[in-house]
Amino acid sequence: MPANSPLISTAELDDLLGQVTVLDVRYRTGGETGREAYAAGHVPGAAYVDLDRDLAAPPGERGRHPLPDADAFGAAMRAAGVREDRAVVVYDDWSGQAAGRAWWLLRHHGHDDVRVLDGGWSAWRADGGAIETGVTLPGVGDFEAGPGRLPTVEVDGLLDVPVLVDARAPERYRGEVEPIDPVAGHVPGALNVPTSTNLRADGRFRSADELRVLYAASGVTGDQPVAVYCGSGVTACHDVLALAVAGIDAALYPGSWSEWVADDRRPIEVG
């Protein structure tokens, strides 16, 4: 893969084991954490990171997964062994969606060398990667989370974004179903590029050229500022990651739909 890619292949990670910090971010929305799955088998040396506890603040008026406080996030990353001078690789078993959140937060708070394992845990197993069981106790890292540096959009400025992408499933975007939040639909003017379309059938990301074509077909070319949202600000990071692979910078709307619909005065569209 290109040296500047935010992704890393299973073969590349296998060659780097012991030289990089590996974080296991297995997670399911509304389900159990991935801690038991992690203990049953993980990439050798990986430390477990809990999305709800370590990669988000408690739910509230800013949405279901607000961005964590920088100090709290830094402490969680140090506990997981993250170091300033050591590359980090993150993975999950959720199509890269939780790993994408960890990737975004680490970069947002100042870590310059973070990759997402392409294909995640399923690819690691399919490709014959070594598996370790039990719990890895990493040494304490020295990562200090700096002020946020990646672009974000606040709720009051969302309707002013020239190109707004909704990363949720099409049926949620259209307002046909809403399994989590109290109101169905989407932010007026938003385009729908579901996270699932970023991946090939084997669960790995499409190539940079394929992603550029995919997003251009929806009106996302990078010629105008782009922002992405989802249900709670987690899976939107997957579209931000895919756009980064394609060479397009995108801002994140952290509060996402869960914050948007918390005020019934905000407009919504369906269809």
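The sections below set out a description of the structure shown in this document. (Residues numbered from 1 in each chain as written. Predicted model: local features only at pLDDT ≥ 70, side-chain atom pairs only at ≥ 80, totals over all residues. Heavy atoms only, no water.)

### Things to note about the overall build of the protein
Argument step 1. Helices and strands together make up the secondary structure of the protein, namely 10 helices and 9 strands.
Argument step 2. Against the globule reference of 18 Å for 271 residues, the protein gives a C-alpha radius of gyration of 18 Å, in line with a compact fold.
Argument step 3. Based on the C-alpha atoms only, the size of the protein along its principal axes is roughly 50 × 40 × 30 Å.
Argument step 4. In the protein, which comprises 271 residues, the share counted as buried stands at 52%.
Argument step 5. Carbon and sulfur atoms make up 50% of the accessible area of the protein, which amounts to about 11700 Å² in all.
Argument step 6. A gap of 2 Å separates the mean positions of the 23 positive and 41 negative side-chain charges of the protein. (Helix = DSSP H or I, 4+ residues; strand = E, 2+ residues; numbered from the N terminus. Rg over C-alpha atoms; globule rule 2.2 N^0.38 Å. Buried < 20%, exposed > 50% of the residue type's maximum accessible area, 1.4 Å probe, protein only. Areas by Shrake-Rupley, 256 points an atom, 1.4 Å probe, with all protein chains shown as cover. Lys, Arg positive; Asp, Glu negative; His and termini not counted. Charge placed at Lys NZ, Arg CZ, Asp CG, Glu CD.)

### Describing the environment of Ala 47
Argument step 1. Inspection of the secondary structure puts Ala 47 in strand E3 (residues 47–48).
Argument step 2. By relative accessible area, Ala 47 is classed as buried at 4%.
Argument step 3. Distance in space between the C-alpha atoms of Ala 47 and Arg 212 is 33 Å, their sequence separation being 165 residues.
Argument step 4. Contacts of Ala 47, omitting those with residues within four sequence positions, involve Val 22, Leu 23, Asp 24, Tyr 38, Ala 80 and Pro 138. (Contact = heavy atoms within 4.5 Å.)

### Things to note about the environment of Asp 202
Argument step 1. With respect to the helices and strands, the residue Asp 202 is situated in the loop between strand E7 (191–192) and helix H8 (208–217).
Argument step 2. Given the relative accessible area of 41%, Asp 202 is considered partly exposed.
Argument step 3. Considered as a pair, Asp 202 and Asp 127 are 75 residues apart in the sequence and their alpha carbons are 12 Å apart.
Argument step 4. For Asp 202, the side chain forms a polar contact with the side chain of Arg 200, separated by 3.1 Å.
Argument step 5. A polar side-chain atom of Asp 202 sits 3.0 Å from the main-chain amide nitrogen of Arg 204. (Polar contact = N/O pair within 3.5 Å; in protein donor to acceptor, adjacent residues only side chain to side chain.)

### Description of the packing of helix H5 (residues 97–108) against helix H9 (residues 236–245)
Argument step 1. Relative to each other, H5 and H9 sit at 70°, their axes nearing to 8 Å. When the axis of H5 is compared with that of H9, the two are roughly perpendicular. Every residue of H9 that contacts H5 at Gln 97, Gly 100, Arg 101, Trp 103 and Trp 104 is listed here: Cys 237, His 238, Val 240, Leu 241 and Ala 244. (Axes fitted to C-alpha atoms, helices over the stretch in contact; angles between N-to-C directions. Parallel < 35°, antiparallel > 145°, perpendicular 65-115°, else oblique.)

### Structural notes on the nonpolar core
Argument step 1. Within the largest apolar cluster, 52 residues are counted, with the highest numbers of intra-cluster contacts made by Leu 23, Leu 55, Met 77, Val 90 and Leu 106.
Argument step 2. If you list the elements that add at least two residues to this core, you get helix H4 (70–79), strand E4 (88–91), H5, strand E5 (114–117), strand E6 (163–166), H8, strand E8 (226–229) and H9.
Argument step 3. Not counting residues within four places of it along the chain, the set of residues in contact with Val 90 comprises Leu 23, Val 25, Ala 99, Ala 102, Trp 103, Leu 106, Arg 115, Val 116 and Leu 117.
Argument step 4. Counting residues in hydrophobic clusters, the runner-up holds 15 residues, among them Val 155, Leu 158, Tyr 229 and Ala 251. (Core = buried A, V, L, I, M, F, W, Y, C linked by side-chain atoms within 4.5 Å.)

### A closer look at the sheet that holds E3
Argument step 1. Read from one edge of the open sheet, 5 strands run E1-E5-E4-E2-E3, paired in parallel fashion. At either end of the open sheet lies a strand with only one pairing partner, and these are strand E1 (7–8) and E3.
Argument step 2. The sheet contact formed by strand E2 (residues 21–24) and E4 spans 4 bridges and is parallel. Paired with Asp 24 across the strands is Tyr 91, a residue of E4. (Pairing = 2+ DSSP bridges.)

### So, the side chain of Asp 54
Argument step 1. Structurally, Asp 54 is set in helix H3 (residues 51–54).
Argument step 2. Every residue in contact with Asp 54, bar those within four places of it in the chain, is listed here: Val 49, Pro 68, Phe 73 and Ala 76.

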